[in-house]
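# A structural walkthrough
Next come the chains, spelled out residue by residue.
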Amino acid sequence: MAMIEFKNVSKWYGNFQVLTNCTTQVDKGEVVVVCGPSGSGKSTLIKCVNGLEPFQSGEIIVNSQSVGAKETNLPRLRSMIGMVFQSFELFPHMKVADNINLGQVKVLGRGVEEATARSMSLLKRVGLEAHAQKFPGQLSGGQQQRVAIARALAMDPIAMLFDEPTSALDPEMINEVLDVMTELAKEGMTMMVVTHEMGFASRVAHRVIFMDRGEIVEDATKEDFFGKPRSERAVQFLSKILHH
Amino acid sequence: MFSGFDFDVIQRSLPYLWQGMMFSLGLTALAMTGGIILGTLLALMRLSSYGFISAPASGYVNLLRSTPLILVIFWFYFLVPIAVKHITGDSYAQGIGPFYSALIAFTLFEAAYYCEIIRAGIQSVPTGQVSAAYALGLNYWQATIQVVLPQAFRNMVPILLTQGIILFQDTSLVYVVGLTDFMGAASKVAQRDGRLVEMYLFAALIYFIMCFFASYFVKRLQLRITPPR
């Protein structure tokens, strides 16, 4: 069953086309990694899923609701899709626990006690329960990103979007974030992950989407993608990023 | 050198000057509060992507910022009652009195300046923060109130207070509508007792001390509130 469905999605910035007829889907419980050279439109594509980026033609259906449609309650749809950003984007003026409480209280209407209990159990899960009363600025990058994952999970999302979650991290902190993501995937979370971590892709992903110049060039199982990439561009990309 | 002067006049008129000072501080506080609230709304309007929302706010700000404050005070005191009479046709309509005229004039005038400060403050909040708020499902007002404005105001507190210090000095203009603030009180005593030099020196000293220490406090605050990032 398709959880997220892209039908001929195209997007322009003025005259410049950033997405060209992107068609693919992410099934329930599936982990899809999106990769490609920088500027290939992968971040833009993932941001279209929850309407952070508008697109001009085509359709994206999330859980049988069309993202771009006028009658869609976008805030409500967004609350069902967790998103993790490259630069964490924790709210610096709120303590860690309050960061995780915010959406639960303001959007889901949970009481503060219930929300806090949920926040604490999620913090425990990402190994940060001792940091609940700190401000984000007092945590390392890896810790901040784990809090950001907890914040997204607190909304009980039906799918999670990761936009280059480890690109802004020091190398020694990448694994602590990838471990949390791997665990999520094992639990059957539907995930769409933009990343350059090919190790993560080959271990965890079910499918790999390769994008170049705004087009989905390759959309294959990970075995096919890493074993016998069909397009020249994917071969080049893989040889560049795997051989260093 | 000061033999011909009578500094005792200050002590004799202290209660009256104190009243004036309370008036100055009260008007400053009220106009600042109103100005910041109205200025915030204007700033949000100016930042709207809808022309029919941003254009009126821009027009308002540009108009008031190119008008002398004293003219705005006059306008509210003398012209608004006439306009009200004209519009309502009630030739006995009264003005709202000098205090409310001055308060409204100051609030509206300061709002234009606060708007520009607050707009810059809002723009200093990274767009990723707004995206993160929206991604959680917050709507425009929730994202603005919970995420954007707290960070914007934190960045702006020093400059908002500095604008407040300027406003405090500007409140001396209320003499034009017959209100007695600290400066007005000093001036009246000076003319009544013929002690111009003493009173104006004293008034200058008090303004200097208050504004100097307020600025010093703002500078200290600025160092303390720089948020950990």
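Presented here is a report on the structure given in the accompanying data block. (Residues numbered from 1 in each chain as written. Chains lettered and ligands numbered in written order. Predicted model: local features only at pLDDT ≥ 70, side-chain atom pairs only at ≥ 80, totals over all residues. Heavy atoms only, no water.)

### What about the interface of chain B and chain A?
On the chain A side, the residues contacting the 19 residues of chain B number 21 residues. Summed over both partners, the interface of chain B with chain A buries about 1800 Å², with 67% contributed by carbon and sulfur atoms. Taken together, chain B and chain A are joined by zero salt bridges. Along the contact surface separating chain B from chain A lie four residue pairs in polar contact (both at pLDDT 80 or more). Every element with two or more residues in the side of chain B that touches chain A is listed here: helix 6 (127–135) and helix 7 (140–170) of chain B. (Contact = heavy atoms within 4.5 Å. Buried area = accessible area lost by both parts, 1.4 Å probe. Salt bridge = Lys/Arg side-chain N within 4 Å of Asp/Glu carboxyl O. Polar contact = N/O pair within 3.5 Å; in protein donor to acceptor, adjacent residues only side chain to side chain. Helix = DSSP H or I, 4+ residues; strand = E, 2+ residues; numbered from the N terminus.)

### Notes on the packing of aromatic side chains
Counted according to the given criterion, the structure contains 16 aromatic pairs over all chains. When the ring of F109 of chain B is compared with that of Y113 of chain B, the centres are 5.3 Å apart and the planes differ by 45°; the resulting orientation is tilted. Taken together, the positions of F109 of chain B and Y113 of chain B, both in helix 5 (residues 97–123) and four residues apart, correspond to about one turn of that helix. Exposure remark for F109 of chain B: the relative accessible area of 6% places this residue in the buried category. Under the relative-accessibility criterion, Y113 of chain B is labelled partly exposed at 25%. Where F208 of chain B meets F212 of chain B, the ring centres are 5.5 Å apart and the plane angle is 25°; that geometry is what we call stacked. In this pair, F208 of chain B and F212 of chain B both sit in helix 9 (residues 196–225), four residues apart, roughly one turn of the helix. Residue classification places F208 of chain B among the exposed residues on the basis of a relative accessible area of 53%. Relative accessible area serves as the criterion here: at 44%, F212 of chain B is assigned to the partly exposed category. An aromatic cluster is defined as three or more aromatic residues linked by ring pairs; in this entry it consists of F210, F225, F226 and F237 of chain A. The cationic tip of R151 of chain A hangs over the ring face of F91 of chain A; the distance from NZ or CZ to the ring centre is 4.5 Å. (Phe/Tyr/Trp six-rings, centres within 6.5 Å; stacked < 30°, edge-to-face > 60°. Buried < 20%, exposed > 50% of the residue type's maximum accessible area, 1.4 Å probe, protein only. Lys NZ or Arg CZ within 6 Å of the ring centre and 35° of its normal.)

### Regarding the packing of helix 4 (residues 112–125) of chain A against helix 5 (residues 141–153) of chain A
Residues and elements named next belong to chain A. One can describe the packing of helix 4 onto helix 5 by two numbers: an axis separation of 9 Å at closest approach and a directional angle of 140°. By the angle class used here, helix 4 and helix 5 are oblique. Where helix 4 crosses over helix 5, the two elements pack in a sense that is right-handed. Contacts from R118, L122, L123 and R125 in helix 4 reach V147, A150 and L153 in helix 5. Tallied by class, residues from the contact of helix 4 with helix 5 come to five nonpolar, no polar and two charged. (Axes fitted to C-alpha atoms, helices over the stretch in contact; angles between N-to-C directions. Parallel < 35°, antiparallel > 145°, perpendicular 65-115°, else oblique. Left-handed = near helix turned anticlockwise from the far one by under 90°. Nonpolar A, V, L, I, M, F, W, Y, C, P; charged D, E, K, R; others polar.)

### A look at the sheet that holds strand 4 (residues 57–62) of chain A
Residue and element names in this part refer to chain A. The strand order across the open sheet built from four strands is 2-1-4-5, with neighbouring strands paired in antiparallel fashion. Of all strands in the sheet, those with a lone pairing partner are strand 2 (16–27) and strand 5 (65–66), marking the two edges. Sheet topology places strand 4 next to strand 5; two bridges connect them, and they run antiparallel. The residue bridging V62 from the neighbouring strand is Q65, located in strand 5. Against the sheet, helix 1 (residues 42–49) makes contact with strand 1 (2–13), strand 2 and strand 4, and its axis sits at roughly 120° relative to strand 1, the strand it touches most. (Pairing = 2+ DSSP bridges.)

### Observations concerning the pattern of salt bridges
Going through the model one piece at a time under the given rule, you end up with 17 salt bridges over all chains. Here D212 of chain A ties to R233 of chain A by a salt bridge, and the two come within 3.1 Å at their closest N and O atoms. Note that D212 of chain A is positioned in strand 9 (residues 207–212) and R233 of chain A in helix 9 (residues 232–242), a separation of 21 residues in sequence. Given the relative accessible area of 10%, D212 of chain A is considered buried. Residues D8 of chain B and R12 of chain B are paired through a salt bridge, measuring 3.4 Å at the closest nitrogen-oxygen approach. Of the two residues, D8 of chain B and R12 of chain B are both situated in helix 1 (residues 8–12); the distance of four residues between them amounts to about one turn of the helix.

### Looking at unusual backbone geometry
Residue N8 of chain A is not a glycine yet carries a positive backbone phi of 50°. The class of N8 of chain A is partly exposed, set by a relative accessible area of 43%.

### Observations regarding a nonpolar patch on the surface
The grouping of F5, F7, L196, V197, Y200 and L201 of chain B at the surface amounts to a nonpolar patch, some 500 Å² of accessible area in total. As for its position among the elements, V197 of chain B is in helix 9. (Patch = residues over 30% accessible without salt bridge, like charges linked within 9 Å, V, L, I, M, F, W, Y side chains within 5 Å. Areas by Shrake-Rupley, 256 points an atom, 1.4 Å probe, with all protein chains shown as cover.)

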